[in-house]
Amino acid sequence: MIVTRSWLNEWIDLDGISNEEIAKTFNSIGLEVDRVEEFNIPKKVVFGKVLECEKHPDADKLNVCKVDLGTATRQIVCGASNVRVGLTVVVATIGAELPGGMVIKPVKLRGIDSEGMICSPGEIGLHSFCDGIMELDESLGDISLGKEVCENPYFNDALIEIELTANRGDCLSIRGVARDLSAAFDRPLKDYTVSDNDDMRGIGRILSLVHDKDLDVNLRYKALELDALSLPFLVKMRLAQIDEKRESDVESIMLYATHATGVIMRAYCHDFFVNDKDEKMAKVHLNEDEQGFASIVTDDDKIASTVGIIQKEESKVISSNGVILIEASYIPPDVISKKMDENKVESGPMFYKTSRGSEPELEAGLSFCIDLIERYSNSSTFGGTIELMNSVKEKIITVSKQEIDEIIGADIDKIVITKILKNLGFNTAKSTTENFVISVPQYRHDIVNKQDIVEEIVRMVGIDNIPVKPFILAEENRLEDNYFEYKKRTFFRTRAAQSGFFESVHFVFDEKKVLNSYGFETTKEELELLNPIVQTLDTLRPTLLSGLLRSASQNKKNGYDSIKLFEVGSVFSPTREESLQMAFIFSGAKEEESLLNGGKPAVIDFGTFAQKISDIIGDIELRKFKTTHTLSNPYQCAEIFVGGSRVGEMFKVHPEVQNDYDLEDTYMCELDFKALSHKLKVAHKSSKYQASFRDLSLLVPNDVSYEKVKTIIEQNGTKELVRFYPVDKYSDETLGESISLSLRFVLQSDEKTLEEEDITNAMESVLTALKDELGIGLR
């Protein structure tokens, strides 16, 4: 769950409370903070207004603008396509230092003076949410020309991401999180005032709701004559902050209102429900579908949505004009979750909130949404509402003050308990002198017994504020970072030994002359060893490779035909900064002499060596690479990536180096040991349906790398494409400047056994993308 300070401030007064204190409070009340991101707009970045905008005489994509900065008007050359007269914008003035280190100075752009920069979101450190420069509006409050942007609370803000446990669906909204802060800071939660701006036209003229049976669903509808809706800047910025985006302005408003209030909001096109275009009466039916879900359907049985689960695309609002229906819904999370477990159906983005527990106060959420639309459009609302509300059995929990104290192990003042419960939305009006008679609000479906009530009290009092009891002696946990480093090193050493490598250990000193001859950067002269042990060990080693080469050479002289060595050890930068590396060397025969190979084992090759490294450190990806040293054969080098991160390099040793050390074909690898992952194993869902395999032989130009082909396939593959890999490469004179590359595709679905049509569609998607992007087709 992502919140921002300014957004929370709309529901609870946070004046005088620092961002650090808010984050600390979240952690103390059980809402674990995952990250805090503060937006600090630089000084000298101000609000301005574009007075004039003309094309640059010598550049088609540049515009020469006159911008009012309140105290002065400045000429600024701007390349944004959306700049125009009348816009209120953010301007970095002369002397402003932007994130990334850019300092704004007077410049000439194609011969025209420019005194500042009109900014996009990313240029001042915000999340990007628009193409081009920012187009500000009144949703930001005071944006007086010349005023520094950092003084505006919506820009000078803090984003806090919270990890919620599965039972805290009540905190999946700004209002819900603010409610917990209300209890923690003992500050009142701001109630949303339900406004009455309806016009004289009644909603009953254009909408009716028909239902046959009780489906445990609460619904409330309003109708609007939508006119010229413009999505406010603040809404755009906040949706970007929570990493959400919708196709239309109306859908964006629904998402914003849901995230703010916790009430599940949907918007429907009125005409979708109209059968007789002359009557203009929309008939909404609430029916039970074949799986037992509550569905919103039309007169002619077209499904508009499944309540709490998904809305059909054809019923959504895509225009900023016309009559629309806005629906607020609530369905108990235990009901929807149970049905979904029994009958798996396709779900939409709102199902997560519904299944965890949404807000049941539909009127307030609907009013919030309507007010937002009316404020930023010329829309008018039809009078009244159409609703279907089920009576809710009140959940009452009785617990005595004595029981609370005994469970907590401390005496908590009754007034404090009452205040906490009230701020959290619990009703204690029926309490007596001895007992708390507590009415649990509908949104707290996780509260079922007195222990849950006590847990809420402990959360808000704070575990650190409960008096300490006599302690019980227990042994301290002695597992520290060095233990886990030891376990990691032991793990990879064991894996290397299991793959047939022998561990080799060398001095951390090496010969500077030899290292320099191979292009390695050694310790700076002023930091060099003062009294080396011997002249051939006169510097700190920057690599493990040279030591392994010497050891392999010695093994060769001792009569070994297959040499497999590894080392885990420290290396040093020119400034003597220490880091841990792991290196391997494989030289000569790839296996021992045996009956199977006729006593003549093959020599190690690049593919076999790469597989050996993969056996030790896990799945790897190789990319074309050229080393900075000269130990490597320039035509057989690769960077090693694990999980998208670079961890090292592997290469075939240069023929001249092999001759110097009297070695046969030799391959080496050096890895950043810190970059190797050694974490808890995570289980992933695996499909129970059969996998399908398809081979494609592609005609690939010689100048097109496999990495480009791989990227295009990854970007355009369907969800059924599990993995793919090359199985053959062929070339001859008939292919000209191309090669034949055979790829094997593995396809599998989590939902069914794939049919031939599904497989064909998946392959066509890949082939079309390769043809359009790289001009590659089937052989």
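This section reports on the structure supplied with the text. (Residues numbered from 1 in each chain as written. Predicted model: local features only at pLDDT ≥ 70, side-chain atom pairs only at ≥ 80, totals over all residues. Heavy atoms only, no water.)

## What to know about the layout of surface pockets
Right, so step 1: What the largest pocket holds in volume is close to 1,800 Å³.
Right, so step 2: Around the largest pocket, the lining comprises 41 residues; the ones closest to its centre are E621, L622, Y706, K710 and P726.
Right, so step 3: For the lining of the largest pocket, the secondary structure elements donating two or more residues are α15 (606–617), β28 (621–624), β29 (632–642), β32 (692–701), α17 (706–716), β33 (721–730) and β34 (738–747).
Right, so step 4: Looking at the lining of the largest pocket residue by residue, the class counts come to 24 nonpolar, 8 polar and 9 charged.
Right, so step 5: What the second largest pocket holds in volume is close to 460 Å³.
Right, so step 6: If you go around the second largest pocket, you meet 22 residues; those closest to its centre are F520, P542, T543, Q581 and E670. (1 Å grid on protein atoms, 1.4 Å probe; cavity = no way out; pocket = protein on both sides within 12 Å on 5 of 7 lines; lining within 4 Å. Points joined across faces, edges and corners; volume = space filled by probe spheres on them. Helix = DSSP H or I, 4+ residues; strand = E, 2+ residues; numbered from the N terminus. Nonpolar A, V, L, I, M, F, W, Y, C, P; charged D, E, K, R; others polar.)

## Notes on the sheet that holds β32
Right, so step 1: The antiparallel open sheet is built from 4 strands, whose spatial order is β33-β34-β32-β35. Of all the strands in the sheet, the pair left with one neighbour each is β33 and β35 (777–778).
Right, so step 2: Taken together, the 10 bridges between β32 and β34 define a ladder with antiparallel strand orientation. By the bridge assignment, L696 is partnered in β34 with L743. (Pairing = 2+ DSSP bridges.)

## Side note on the pattern of salt bridges
Right, so step 1: The final tally for this structure, using the stated rule, is 48 salt bridges.
Right, so step 2: Across the salt bridge formed by R35 and E37, the nearest N and O atoms sit 2.9 Å from each other.
Right, so step 3: Overall, R35 belongs to the partly exposed group, its relative accessible area being 29%.
Right, so step 4: In this structure, R459 and D180 form a salt bridge, with 2.9 Å as the shortest nitrogen-oxygen distance. Taken together, the residues span a long stretch of sequence, with R459 in helix α11 (residues 450–461) and D180 in helix α3 (residues 174–185) at a distance of 279 residues. Per residue, the accessibility class of R459 equals that of D180, and both read buried.
Right, so step 5: Ionic contacts of the salt-bridge type, sharing partners, join the residues R168, D170, D180, R444, D446, E456 and R459 into one network. (Salt bridge = Lys/Arg side-chain N within 4 Å of Asp/Glu carboxyl O. Buried < 20%, exposed > 50% of the residue type's maximum accessible area, 1.4 Å probe, protein only.)

## Side note on the packing of aromatic side chains
What characterises a pair of aromatic rings is the spacing of the ring centres plus the angle enclosed by the ring planes.
Right, so step 1: Considering all chains together, one arrives at 17 aromatic pairs under this definition.
Right, so step 2: Judged by centre distance (5.9 Å) and plane angle (80°), the ring pair of F606 and Y667 falls under edge-to-face. Residue F606 is found in helix α15, and its partner Y667 is found in strand β31 (residues 666–672); the two are separated by 61 residues along the sequence.
Right, so step 3: The class for Y667 is buried, based on a relative accessible area of 4%.
Right, so step 4: By the ring-pair criterion, three or more aromatic residues cluster together here, those being W7, W11, Y256 and F368.
Right, so step 5: Above the plane of the ring of F272 lies K302, whose end atom (NZ or CZ) is 4.8 Å from the centre.
Right, so step 6: If you follow K488 out to its NZ or CZ, it ends over the ring of F673, 5.0 Å from the centre. (Phe/Tyr/Trp six-rings, centres within 6.5 Å; stacked < 30°, edge-to-face > 60°. Lys NZ or Arg CZ within 6 Å of the ring centre and 35° of its normal.)

## Here we look at the nonpolar core
Right, so step 1: Formed by 107 residues in total, the largest nonpolar core has its most connected members in F26, F155 and I326.
Right, so step 2: Setting aside chain neighbours within four positions, we find I326 in contact with R220, Y221, K222, L224, M254, M265, R266, A267, L366, C369, I370 and I373.
Right, so step 3: Listed in part, the 31 residues of the second largest apolar core include L207, L215, F273 and I309. (Core = buried A, V, L, I, M, F, W, Y, C linked by side-chain atoms within 4.5 Å. Contact = heavy atoms within 4.5 Å.)

## Observations regarding empty space enclosed by the protein
Right, so step 1: Enumeration according to the criterion identifies 2 cavities of 30 Å³ or more in this entry.
Right, so step 2: Space inside the largest cavity adds up to approximately 50 Å³.
Right, so step 3: Considering the residues around the largest cavity, the lining is formed by W11, R175, Y192, T261, V263, E359, E361, A364, G365 and F368.
Right, so step 4: The biggest single contributor to the lining of the largest cavity is helix α8 (residues 362–375), with 3 residues.
Right, so step 5: Looking at the lining of the largest cavity residue by residue, the class counts come to 5 nonpolar, 2 polar and 3 charged.
Right, so step 6: Approximately 40 Å³ is the volume found for the second largest cavity.
Right, so step 7: G169, D170, L172, S173, G262, K353, G357, S358 and E359 are the residues that line the second largest cavity.
Right, so step 8: Along the lines of polarity and charge, the residues of the lining of the second largest cavity split into 1 nonpolar, 5 polar and 3 charged.

## Thoughts on the sheet that holds β28
Right, so step 1: Taken in spatial order, the 7 strands line up as β23-β26-β27-β31-β30-β29-β28 in an open sheet, and their pairing is mixed. The open sheet terminates on both sides in strands that have one partner only, identified here as β23 (502–503) and β28.
Right, so step 2: Two elements, strand β27 (residues 578–588) and β31, share 7 bridges in a ladder whose sense is antiparallel. The residue of β31 that forms the bridge with I585 is M668.
Right, so step 3: Running at roughly 155° to strand β26 (residues 562–572), helix α14 (residues 545–557) makes contact with β26, β27, β30 (645–653) and β31 of the sheet.
Right, so step 4: The strands touched by α15 within the sheet are β27, β28, β29, β30 and β31, with β31 carrying the most contacts at an inclination of about 30°. (Axes fitted to C-alpha atoms, helices over the stretch in contact; angles between N-to-C directions.)

## Considering helix α6 (residues 333–342)
Right, so step 1: All of the buried residues along α6 are P333, V335, I336 and M340. One side of α6 carries all its buried residues, which in axial view fall inside an arc of 165°. Among the exposed residues of α6, those oriented more than 90 degrees off its buried face are D334, K338, D341 and E342.
Right, so step 2: The inward-facing, buried residues of α6 abut β18 (322–330) and α7 (351–356). (Arc of directions from axis to C-beta.)

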